[in-house]
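Observations on the three-dimensional arrangement
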Amino acid sequence: MKKSITTLPFKDTEEQAKELDEILARYKDVPGGIMPVLQETQRIYGYLPYEVQKKISEDMDVKMEEIYGIATFYSQFSLTPKGQYDISVCLGTACYVKGSGDILNEISKLLGIGTDECTADGKFSISSCRCIGCCGLAPVMTVNGEVYGRLEVKDVKGILEKYDDEFFSKAN
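Heads up: these notes are all about the structure in this document. (Residues numbered from 1 in each chain as written. Predicted model: local features only at pLDDT ≥ 70, side-chain atom pairs only at ≥ 80, totals over all residues. Heavy atoms only, no water.)

Moving on, we come to the packing of aromatic side chains. Under the defined criterion, the tally for this structure stands at 5 aromatic pairs. Consider the rings of Phe73 and Tyr74, whose centres lie 4.9 Å apart with planes at 85°: the pair is edge-to-face. For Phe73, a relative accessible area of 63% gives the class exposed. Ring-pair connections join several aromatic residues into one group, and the members of that group are Tyr85, Phe124, Tyr148 and Tyr163. (Phe/Tyr/Trp six-rings, centres within 6.5 Å; stacked < 30°, edge-to-face > 60°. Buried < 20%, exposed > 50% of the residue type's maximum accessible area, 1.4 Å probe, protein only.)

So this is what it looks like as structure tokens:
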């Protein structure tokens, strides 16, 4: 069953906007300042919203293409919002050969969203990673950093219900 998919509309608070303005002022004339600006911006918002990237571009006199290039090159940055429960599925070799692709597909099916998307209520988001260093537990997924290993597709719903059983009772 497909639930509504969203990238969640951007919401900015006065405090966030003020903090961003302070960061931009601090790094405006600093050579190479774009990297710390992006890092501190991600700390404020949890990701790099397009609207904020545009403001950074204008205030720092840096092309949007450069900001996008940095944000997509470094794995520490995210261009999409994260849910209250951020799920990551390892697609590294050990996990993938043991079925992590099927685990990812099941999560996507249950939540009605794809990779790098967030449920409309902001509860769950899904991402994939290449290796979290738990190859002996393959296949592996994390929810807000909590590791679940030696997974089978049948385990997924029970794990997700631990985080929001109400979500699943409404879906059925």
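Picking up where we left off.
Its location among the elements puts Thr119 in strand 3 (residues 117-119). Only 3.3 Å separates the side chain of Thr119 from the backbone nitrogen of Lys123, close enough to count as a polar contact. (Helix = DSSP H or I, 4+ residues; strand = E, 2+ residues; numbered from the N terminus. Polar contact = N/O pair within 3.5 Å; in protein donor to acceptor, adjacent residues only side chain to side chain.)

For the coordinates displayed, the defined rule picks out 8 salt bridges. Between Asp21 and Lys55 there is a salt bridge; the shortest N-O distance is 3.1 Å. Of this pair, Asp21 sits in helix 1 (residues 14-27) while Lys55 sits in helix 3 (residues 50-60), and the two are 34 residues apart along the sequence. Asp21 gets classed as partly exposed once you look at its relative accessible area, which sits at 38%. On the accessibility criterion, Lys55 (29% relative accessible area) is partly exposed. Two residues, Asp59 and Lys55, come together in a salt bridge whose shortest N-O distance is 3.1 Å. One end of the pair is Asp59 and the other is Lys55, both in helix 3 and 4 residues apart, which spans about a single turn. Connected through shared salt-bridge partners, Asp21, Lys55 and Asp59 make up one network. (Salt bridge = Lys/Arg side-chain N within 4 Å of Asp/Glu carboxyl O.)

What follows is about the packing of helix 1 against helix 3. A pair of packed helices is characterised by two quantities: the angle between their axes and the separation of those axes. Two numbers describe how helix 1 lies on helix 3: the axes approach to 10 Å, and their chain directions differ by 30°. Regarding the angle of helix 1 to helix 3, the classification is roughly parallel. Both helix 1 and helix 3 take part in a crossing whose hand is right-handed. Residues Leu20, Asp21, Leu24 and Tyr27 of helix 1 touch helix 3, and the partners they reach there are Val52, Lys55, Ile56, Asp59 and Met60. (Axes fitted to C-alpha atoms, helices over the stretch in contact; angles between N-to-C directions. Parallel < 35°, antiparallel > 145°, perpendicular 65-115°, else oblique. Left-handed = near helix turned anticlockwise from the far one by under 90°. Contact = heavy atoms within 4.5 Å.)

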